Amino acid sequence: MTAIVVVEDEPDIGDLLALYCRREGWSVHVATDATSGLATIRAREPDFVVLDVGLPGDRDGFDVCRELRQTSDVPVLFLTARDDEVDRVLGLEMGADDYVIKPFSPREIIARIKAVLRRGRTEPASNNATFGPLHIDLDRREATIDTTPVPLAAQEWSLLGKLLDHRGIALSRQQLLDLAWGTDWIGDPRTVDVHVRQLRRKLGNDLPLATVRGVGYRLD
Ligand code: CA
């Protein structure tokens, strides 16, 4: 089922959007500030986020999007109230997929969400990846080079899986720790380096795993 998270502090707007989303057969959760919004998005892992720019407290929708983009490429549609916000929404660094200026019709929002979801579907999520002679099947936990199996340890699979989930995105050591080891794991971020070294040693140069200076790692 398509899952939507709406982050909007005005109850009338949040309720209305939730109603229209449910009519489409989508599951929807509404959060009313930045902190609960981020927590809801992390917990629900939605297919789409509708994000109001003006939120109560010291973090606005831009802050939510910036933080979200460190670990997620979920499509984001901004709700903006003012023209000067639009300028910032359009700033490329924000990573928004679309925006709508208030007041808007819920139908318009639904149409925009559908359009973005359709675009996303041209790139189906896959648990398989092939890099030259290297083939990785996450579901089967099988890696092969020229059909010769390469055994990986459980933690190496976990790390490799998260890198594949976030292809093209540079992830910091801490983000990789949180994703692959879990946020309750206490340890040295250099653990990531050790496991990356193992992955490179075992899977060879065909694995396009780049070191991003000052950040961490990126799988291309
Ligand atoms: Ca607002």
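Values in this document were obtained by computation on a predicted structure and should not be read as measured data.

1. Side note on the sheet that holds strand S8 (residues 142–145)
Paired through backbone hydrogen bonds, the strands of a sheet run either parallel or antiparallel to each other. Taken in spatial order, the four strands make up an open sheet running S6-S7-S8-S9, and their pairing is antiparallel. What marks the edges here is a single partner per strand, and that holds for strand S6 (128–131) and strand S9 (148–149). Helix-sheet contacts for helix H6 (residues 154–165) involve S6, strand S7 (134–137) and S8, and the interaxial angle to S7 is about 95°.

2. Remarks on the packing of helix H2 (residues 34–44) against helix H3 (residues 61–68)
At a minimum axis distance of 10 Å, the contact between H2 and H3 shows a crossing angle of 30°. Here H2 is positioned roughly parallel relative to H3, judged by the angle of their axes. By crossing handedness, the relation of H2 to H3 is classed as right-handed. Together, Ala34, Leu38, Ile41 and Arg42 of H2 and Val64, Glu67 and Leu68 of H3 make up the contact between the two elements.

3. Here's the deal with the coordination of the calcium ion
By definition of the ideal shapes, a tetrahedral metal site with four donors has angles of 109.5 degrees and an octahedral site with six donors has angles of 90 or 180 degrees. In this structure, Asp9 (OD), Asp52 (OD) and Gly54 (O) serve as the protein donors to the calcium ion, at separations of 2.2 to 2.4 Å. Asp52 gets classed as buried once you look at its relative accessible area, which sits at 3%. Judged by its relative accessible area of 38%, Gly54 falls in the partly exposed class.

4. Some remarks on the packing of H6 against helix H8 (residues 190–203)
Relative to each other, H6 and H8 sit at 90°, their axes nearing to 10 Å. Between H6 and H8, the interaxial angle falls into the category roughly perpendicular. On the side of H6, the interface is formed by Gln155, Glu156, Leu159, Leu160 and Leu163, while H8 contributes Val192, His195, Val196, Gln198, Leu199, Lys202 and Leu203. Of the residues contributing to the contact of H6 with H8, the split by class is seven nonpolar, three polar and two charged.

5. Considerations on the packing of aromatic side chains
Enumeration over the complete set of coordinates arrives at one aromatic pair. The ring of Tyr20 carries the charged tip of Arg23 above its face, separated from the ring centre by 4.8 Å.

6. A short note on the domain arrangement of the protein chain
Domains assigned within the protein chain are domain 1 (3–121) and domain 2 (128–219). A C-alpha centroid distance of 31 Å is found between domain 1 and domain 2.

7. Thoughts on the pattern of salt bridges
Taken as a whole and assessed by the stated rule, the structure comprises 13 salt bridges. The closest approach of N and O atoms between Glu142 and Arg140, which form a salt bridge, is 3.3 Å. What makes Glu142 partly exposed here is its relative accessible area of 38%. Classification of Arg140 as exposed rests on a relative accessible area of 56%. A salt bridge links Arg218 to Asp220, with the shortest nitrogen-to-oxygen separation between them at 2.5 Å.

8. Remarks on unusual backbone geometry
Across the junction of Lys102 and Pro103, the peptide omega takes the value -5°, indicating a cis bond. Examined against the element boundaries, Pro103 turns out to sit in the loop between strand S5 (98–101) and helix H5 (106–121). The backbone of Glu45 sits at a positive phi, close to 45°, despite the residue not being glycine. Tracing the backbone shows Glu45 in the loop between H2 and strand S3 (48–52). Given the relative accessible area of 66%, Glu45 is considered exposed. We note that Thr147 has phi near 70°; this positive angle belongs to a residue other than glycine. With respect to the element layout, Thr147 can be found in the loop between S8 and S9.

Parameters at a glance
Residues numbered from 1 in each chain as written. Predicted model: local features only at pLDDT ≥ 70, side-chain atom pairs only at ≥ 80, totals over all residues. Heavy atoms only, no water. Pairing = 2+ DSSP bridges. Helix = DSSP H or I, 4+ residues; strand = E, 2+ residues; numbered from the N terminus. Contact = heavy atoms within 4.5 Å. Axes fitted to C-alpha atoms, helices over the stretch in contact; angles between N-to-C directions. Parallel < 35°, antiparallel > 145°, perpendicular 65-115°, else oblique. Left-handed = near helix turned anticlockwise from the far one by under 90°. Donors = N, O, S within 2.8 Å, 3.2 Å for Na, K, Ca; no water. Buried < 20%, exposed > 50% of the residue type's maximum accessible area, 1.4 Å probe, protein only. Nonpolar A, V, L, I, M, F, W, Y, C, P; charged D, E, K, R; others polar. Phe/Tyr/Trp six-rings, centres within 6.5 Å; stacked < 30°, edge-to-face > 60°. Lys NZ or Arg CZ within 6 Å of the ring centre and 35° of its normal. Domains from an automatic or database assignment. Salt bridge = Lys/Arg side-chain N within 4 Å of Asp/Glu carboxyl O.

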